[in-house]
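This is what each chain is made of:
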Amino acid sequence: MDINLALNMYEMMVKIRAFEEEVMRSSEAKLFHGTTHLYIGQEAVATGVCAHLSDEDYITSTHRSHGHAIAKGLDVDKVMAEIFGKRGGSCKGKGGSMHIADSKRGHLGSNGVVAANIPIAVGAALTLKLEEKSNVVVCFFGDGAINEGAFHEAMNLAAIWSLPIIFVCENNGYGMSTKISDVTNLEQLKEVAKSYNMTSYAVDGNDLEAVYVLSDQVISEVREGSGPVFIESRTYRYAGHSRSDQQVYRSKDEVIAWKDRDPIALFEEKLQGLGVSQIDLLKIRSKVKENVDQALVFAMNSEEPSLEELKTDLYAERVD
Amino acid sequence: MDINLALNMYEMMVKIRAFEEEVMRSSEAKLFHGTTHLYIGQEAVATGVCAHLSDEDYITSTHRSHGHAIAKGLDVDKVMAEIFGKRGGSCKGKGGSMHIADSKRGHLGSNGVVAANIPIAVGAALTLKLEEKSNVVVCFFGDGAINEGAFHEAMNLAAIWSLPIIFVCENNGYGMSTKISDVTNLEQLKEVAKSYNMTSYAVDGNDLEAVYVLSDQVISEVREGSGPVFIESRTYRYAGHSRSDQQVYRSKDEVIAWKDRDPIALFEEKLQGLGVSQIDLLKIRSKVKENVDQALVFAMNSEEPSLEELKTDLYAERVD
Amino acid sequence: MKKRKLTYREAIRECLFEQLNKDKKVILLGEDIGLYGGAHRVTEGLLEQFGSKRIYDTPISELGFVGMAVGAAMTGLRPIVDIQFSDFLTLPMDQIVNQAAKVHYMYGGQLSVPLVIRTPSGAGTGAASQHSQSLEAWFAHVPGLKVVQPSNAYDAKGLLHEAVEDENPVIFFEHKLLYNQASHVPNTYYKIPFGQANVLQEGDDVTVVATGVMVSRVLEAAKELSSYISVEVIDPRTLVPLDMATIIKSVEKTGKLIVVHEAVERYGIGAEIVSQVVERAFDALTCAPLRLAGEAVPIPNNKELERFAIPQVGAIVEAIKSIHTI
Amino acid sequence: MKKRKLTYREAIRECLFEQLNKDKKVILLGEDIGLYGGAHRVTEGLLEQFGSKRIYDTPISELGFVGMAVGAAMTGLRPIVDIQFSDFLTLPMDQIVNQAAKVHYMYGGQLSVPLVIRTPSGAGTGAASQHSQSLEAWFAHVPGLKVVQPSNAYDAKGLLHEAVEDENPVIFFEHKLLYNQASHVPNTYYKIPFGQANVLQEGDDVTVVATGVMVSRVLEAAKELSSYISVEVIDPRTLVPLDMATIIKSVEKTGKLIVVHEAVERYGIGAEIVSQVVERAFDALTCAPLRLAGEAVPIPNNKELERFAIPQVGAIVEAIKSIHTI
Ligand SMILES: Cc1ncc(C[n+]2csc(CCOP(=O)(O)OP(=O)(O)O)c2C)c(N)n1
Ligand SMILES: Cc1ncc(C[n+]2csc(CCOP(=O)(O)OP(=O)(O)O)c2C)c(N)n1
Ligand SMILES: [Mg+2]
Ligand SMILES: [Mg+2]
């Protein structure tokens, strides 16, 4: 792996981590209104996948949205301000944590309804196919989403019409408190793709390099017209499901075991193997810390929307 | 196969056939209000499966409902009267062709919404399991239903909770005009069960004996607690999808080829092999013809519901 | 010069043809809309004319393909979706209500969903409770959607053109009993703007607001009474936006209002129209407004019961007479 | 004697406990309702007490498990389903509307669906457009359903008992902002019959009908004005059946009506109440009734905008003052 690329991806992972830690602090300090779902522990997935995407490629995302947004190139200022419900946010403070989008970055939106982003992503892929573009759509969703009908209908549609989309299932073991193994008989989630005769892979979602390499291959194939591909990325979320989660459904030991395989720590080891020094990593981390601090300042200083804005953006005007 | 059983099943198949032919004539003569979906060509499926069911076993059915209802033991008089929208119908003329039920016969209803009967069937299976009964639910649906989210969600629920249900997919090659092979990438529909780690079989749905034998085995296993099973039964409908179908989507040759494998004709050959005479078969056919003629008379003579009945049966009263 | 007549079905088909011809971004998605021509024969011939890159025969996956249409619309296409019976809108409800209706707003105006969902509603065909409902009130209640209900062939073509060129999700309720009704339809492209009620007949005594298939029944009733009651008949054409100005102007003249619709009366669209009239023209009313609408029951299969569940001409005549004599 | 107080959450939990204890046919189905205690902590402890044959943690498959509940209800169980946010009722809509609501009728009265769907609606938590809606009008429009909206802990327990023992599908709308509100709740079993409005405060000048979380806001507004306006405050408690008699009796006394609800005003439940009052008590009204309800926008995340989208005490005070001075 190219060292600059590796450092960029490292920066992305620590940026997401630092961002989410700031969101957690701000949430605990009640600096903003509404719940949040943190991506801490899963950073390698969005980072390794989105590294292959340009602004002309699309993603759709979930309630656990911040990591995807940042990895897709959204400005941390705008993401933080959106979480704070401010006018400077990517959606002018109307969306909040679960509804982040940026049409300029190819981000078609994160979604508060489990699996609802999946058919939408397939529709974007139809547009790309019709327009004969070599762009792709990446659709992120959790393990819990595979039990929604929307997921199955969308998988089938993508498959029968051979659309340019990559389904990235982030299997973090739980949907809220529910163990995925209690709500599916599948041994491996990737097997669900067989019903659609769709190529599928499983990857260690805490191993950035593995995610990067697999995505590289898969995304190039999809760009060349292979049709849809399903990737199960096995990972773990460290924080509770949302702000109010007491985490009675999992053991401390389980959390600790996963933290031993922290995606950032694992990648730091790799980077050190490639000759990157502790100092270099520290520099990146402090730069990122600064970005996030600035994002917090930006969000706090960003204006509240005016009350008139309650009624704007309801209907779109056609512009030809 | 026991000869009496075989003759009973033969009678059932010809009864369904004669009934549907009468419905077709009555429909063309505009004797009743509303559309119908005929089961002609598929008789062996309902017959072979329902032969193993008692009134304490449940079924749920589809828009193509008449065959299932008759095979489940409903009185042809009541089914015909229901199609005619008469008070003497199984649902007092409120349901019509697509909404036939008989709680005394374990028929939980046919359904006008594709795949909607599938979660309902799974719920009935939950009741049976909770009450520790050895009864089963059979859920009939078409090939088109497998692309509905409801089907996938219900399959998964039945699988993870190991419920006593048999999913019988009647693959007649088309959902309305749509070739199933155009809307799925599955080579065999039975493979869809793999996603739920559910046992599945394919059977020649025009071969009554094959359906009977497979169902015998499967239903006994389910009664004994094997958990759910999926059966793909390959068959064909002779008539158009519904009354208004011009059948532009399939060739005459295709229809003829299937008619060469007519389930009733095939079984007649078997019966003759077992020593049943043409005369015996003819006797059965005329008996059945009489039943159906009577059913028509019953339906035509049955009263219209009174206008007050528009408002009855809206809310149920509790009876303990 | 003889005016060309088309059926409601043909008028819609002609509009689809013109749109497909005019704008490459327009695509059609739905079950059996290709070779089969749609469950109600509206799209006949379009697959042959425009091919399978424009006309998509979908699997039976309403939630999935409506969701696809939302995503396609967000990325530049202009999908027109066909739902075989409006009762099946229950299935893609999430994509319509939580996605299509909200995308523009919740993402701060960056993305839009120029999507039309065409679907027939209404009873009268003996298809019973799961194929006969009129559910427009649900969608009219949801901010972000527009809701259209053409009552004749001319309106159907003009309103559908407007719908397809609107930048927002539009639920376009056709009516099964209207498909064969013919009226004059220009063979040129024209649009009818949303939010412009149609005054089908002017009158001084009673204002009757009617939607969908009820419009022609009200006209029939009005004709029957024309010798001694002068009825003003108004078809709002679109429920969102709703042209209250025309309705209020009429009530200010007549002092009497009846709203007639097929959907269940209880919590139906008539209540909104009555309420707005009362709120904005209370003093003009000379008596209580009246609603005449569907009974609060599922639609039964039996033909007489089915008729009885829904306002017929006779009942409309009675209602007009009764309010006229107050 | 000090009266025992429970929160709305605890009152619902106590009812569930009593029902599970009383009737083996009662089961609970929903996401994360077991160990986790439900997304809103309502079912905490019930799995431990009743075990996994009574309390089912489901996959995220709302259409599937609501459909299962319908089938289970048809065969003798009495399922109580938990939908984490009422916005997600969009997903099982078909099973609720085309199945549960119609089974008894369309099958001619043979089968019934004693099913309760509990789900929290409403804004105020910053969860934005897909987790904050109030969709009760949809269900109230559907024949065959009953619709309940308890506004306090006492009612929540009594109405839920009634719902579970009803033989029909009941949509039971809780409100997120009420879960922590406490009031007196008897620790014995009691039921509140459907269709009995609650007159929370008697008054002579203005009738205010309010639902859900608006009830306490109206009471607060009424208190503020109590020195010079005598407000009668009525909570219908159930939208289907709807106790119009109590509302009309009140309007006959006061001559003035305001309806306050959180859901979007346009085509909302207020329109039905206003229409029925107008139809049945036109002469008693001394001025046009008023509706005060949600703005026609998706709920935004921003706290101030969110507040502004929904009636607050200040606006209710103004509305009462304005109608009082007409
Ligand atoms: C349709 C729907 N049902 C339920 C919820 C509530 N909910 C939010 S997140 C979640 C769990 C999702 O699990 P998964 O898909 O594995 O994503 P993760 O939270 O693990 O990232 C649930 C049940 C929802 N948002 N949408
Ligand atoms: C949800 C839904 N979508 C569409 C329809 C219209 N429709 C009725 S039957 C049918 C085809 C069903 O095909 P299949 O399941 O294979 O059953 P078959 O008619 O072949 O017996 C369709 C699309 C419907 N009734 N319900
Ligand atoms: Mg998960
Ligand atoms: Mg079929």
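Right above here is the structure, for reference.
Summary of the structure given here. (Residues numbered from 1 in each chain as written. Chains lettered and ligands numbered in written order. Predicted model: local features only at pLDDT ≥ 70, side-chain atom pairs only at ≥ 80, totals over all residues. Heavy atoms only, no water.)

## As for the overall build of chain C
Then, number 1: Counting its secondary structure elements, chain C contains eleven helices and 14 strands.
Then, number 2: The C-alpha atoms of chain C give 20 Å as radius of gyration, which agrees with the globular expectation for 326 residues (20 Å, within 12%).
Then, number 3: Principal-axis analysis of the C-alpha atoms places the extent of chain C at approximately 60 × 45 × 45 Å.
Then, number 4: Evaluated residue by residue, chain C yields a buried proportion of 75% over its 326 residues.
Then, number 5: Counting only contacts in chain C whose residues sit at least 6 apart along the sequence, the fraction spanning at least 24 positions is 81%.
Then, number 6: Summing over all exposed atoms, chain C offers an accessible surface of approximately 8900 Å²; the carbon and sulfur share of this is 50%.
Then, number 7: Side chains of chain C carry 31 positive and 38 negative charges; the gap between the two charge centres is 5 Å. (Helix = DSSP H or I, 4+ residues; strand = E, 2+ residues; numbered from the N terminus. Rg over C-alpha atoms; globule rule 2.2 N^0.38 Å. Buried < 20%, exposed > 50% of the residue type's maximum accessible area, 1.4 Å probe, protein only. Contact = heavy atoms within 4.5 Å. Areas by Shrake-Rupley, 256 points an atom, 1.4 Å probe, with all protein chains shown as cover. Lys, Arg positive; Asp, Glu negative; His and termini not counted. Charge placed at Lys NZ, Arg CZ, Asp CG, Glu CD.)

## A short note on the relation of the copies chain D and chain C
Then, number 1: Mapping chain D onto chain C calls for a rotation angle of 180 degrees and an axial translation of 0.0 Å; the resulting RMSD is 0.0 Å. Such values leave the two copies arranged in the relation of a two-fold axis.
Then, number 2: Most of the interface of chain D is mirrored in chain C: 100% of its interface residues are interface residues there too. (Least-squares fit on C-alpha atoms with pLDDT ≥ 70 in both.)

## A closer look at the coordination of the magnesium ion (ligand 3)
Angles between donor atoms at a metal ideally measure 109.5 degrees for a four-coordinate tetrahedral arrangement and either 90 or 180 degrees for a six-coordinate octahedral one.
Residues and elements named next belong to chain A.
Then, number 1: Listed as protein donors to the magnesium ion (ligand 3) are Asp143 (OD), Asn172 (OD1) and Tyr174 (O); their distances from the metal cover 2.1 Å.
Then, number 2: Taken in chain order, the donor set of the magnesium ion (ligand 3) reads D-x28-N-x1-Y. Of the two residues, Asp143 sits in the loop between strand E3 (137–142) and helix H6 (149–160) while Tyr174 sits in strand E5 (residues 174–175), which places them 31 residues apart along the sequence. Comparing Asp143 with Tyr174, the two get one shared label, buried. (Donors = N, O, S within 2.8 Å, 3.2 Å for Na, K, Ca; no water.)

## Section: the site of ligand 2
Then, number 1: The immediate surroundings of ligand 2 are formed by 22 residues, with His63, Arg64, Gly112 and Asn172 of chain B together with Glu62 of chain C found nearest.
Then, number 2: Between ligand 2 and the protein, one listed contact pairs an oxygen atom with a side-chain N or O atom of Asp143 of chain B at 3.0 Å.
Then, number 3: Burial of ligand 2 by the protein chains amounts to 97% of its free accessible area of 570 Å². (Near = heavy atom within 4 Å. Polar contact = N/O pair within 3.5 Å; in protein donor to acceptor, adjacent residues only side chain to side chain.)

## Some words on the interface of chain A and chain C
Then, number 1: Across the boundary between the two partners, chain A contributes 44 residues, which contact 45 residues of chain C.
Then, number 2: The junction of chain A with chain C conceals about 3500 Å² of combined surface from both sides, 63% of it contributed by carbon and sulfur atoms.
Then, number 3: By the criterion of area lost to chain C, the three top residues of chain A are Leu130, Tyr315 and Arg318 of chain A, representing 19% of everything that side buries.
Then, number 4: On inspection of chain A and its partner chain C, the count reaches three salt bridges.
Then, number 5: The tally of links between chain A and chain C comes to 20 residue pairs in polar contact (both at pLDDT 80 or more).
Then, number 6: Sort the elements by how many residues they give to the side of chain A that touches chain C and helix H5 (residues 117–130) of chain A lands first, with eight residues.
Then, number 7: When its residues are assigned to classes, the side of chain A that touches chain C shows 22 nonpolar, twelve polar and ten charged. (Buried area = accessible area lost by both parts, 1.4 Å probe. Salt bridge = Lys/Arg side-chain N within 4 Å of Asp/Glu carboxyl O. Nonpolar A, V, L, I, M, F, W, Y, C, P; charged D, E, K, R; others polar.)

## Overview of the side chain of Ser233 of chain B
Then, number 1: Inspection of the secondary structure assignment puts Ser233 of chain B in strand E8 (residues 229–234).
Then, number 2: Among the residues examined, Ser233 of chain B registers a relative accessible area of 1% and is labelled buried.

## What to know about the nonpolar core
Then, number 1: Phe167 of chain A, Phe167 of chain B, Phe139 of chain C together with Phe139 of chain D are the most contacted members of the largest nonpolar core, which has 176 residues in total.
Then, number 2: Sequence-distant contacts of Phe139 of chain D, that is, excluding residues within four places in its chain, are made with Leu89, Met93, Ile96, Leu145, Val147, Ile171 and Phe173 of chain D. (Core = buried A, V, L, I, M, F, W, Y, C linked by side-chain atoms within 4.5 Å.)

## A closer look at H5 of chain A
All names here are of chain A.
Then, number 1: Over its 14 residues, H5 extends 20 Å from the first C-alpha to the last, a length consistent with the 20 Å expected when each residue adds 1.5 Å.
Then, number 2: With 13 of its 14 residues buried, H5 lies for the most part within the structure.
Then, number 3: Following H5 by one or two positions, Glu132 adopts a phi angle in the positive range, close to 55 degrees. (Expected span 1.5 Å × (residues − 1).)

## Focus: the site of ligand 1
Then, number 1: Near ligand 1 you find 22 residues, and of these His63, Arg64, Gly112 and Asn172 of chain A together with Glu62 of chain D are the closest.
Then, number 2: Near ligand 1, the surrounding residues belong to chains A and D.
Then, number 3: Gly112 of chain A is positioned with one of its backbone polar atoms (N or O) 2.8 Å from a nitrogen atom of ligand 1.
Then, number 4: Separating an oxygen atom of ligand 1 from a backbone N or O atom of Gly144 of chain A is a distance of 2.8 Å.
Then, number 5: Relative to its unbound accessible area of 580 Å², ligand 1 is 97% covered by the protein chains.
Then, number 6: Here the residues of the shell around ligand 1 sort into eight nonpolar, nine polar and five charged.

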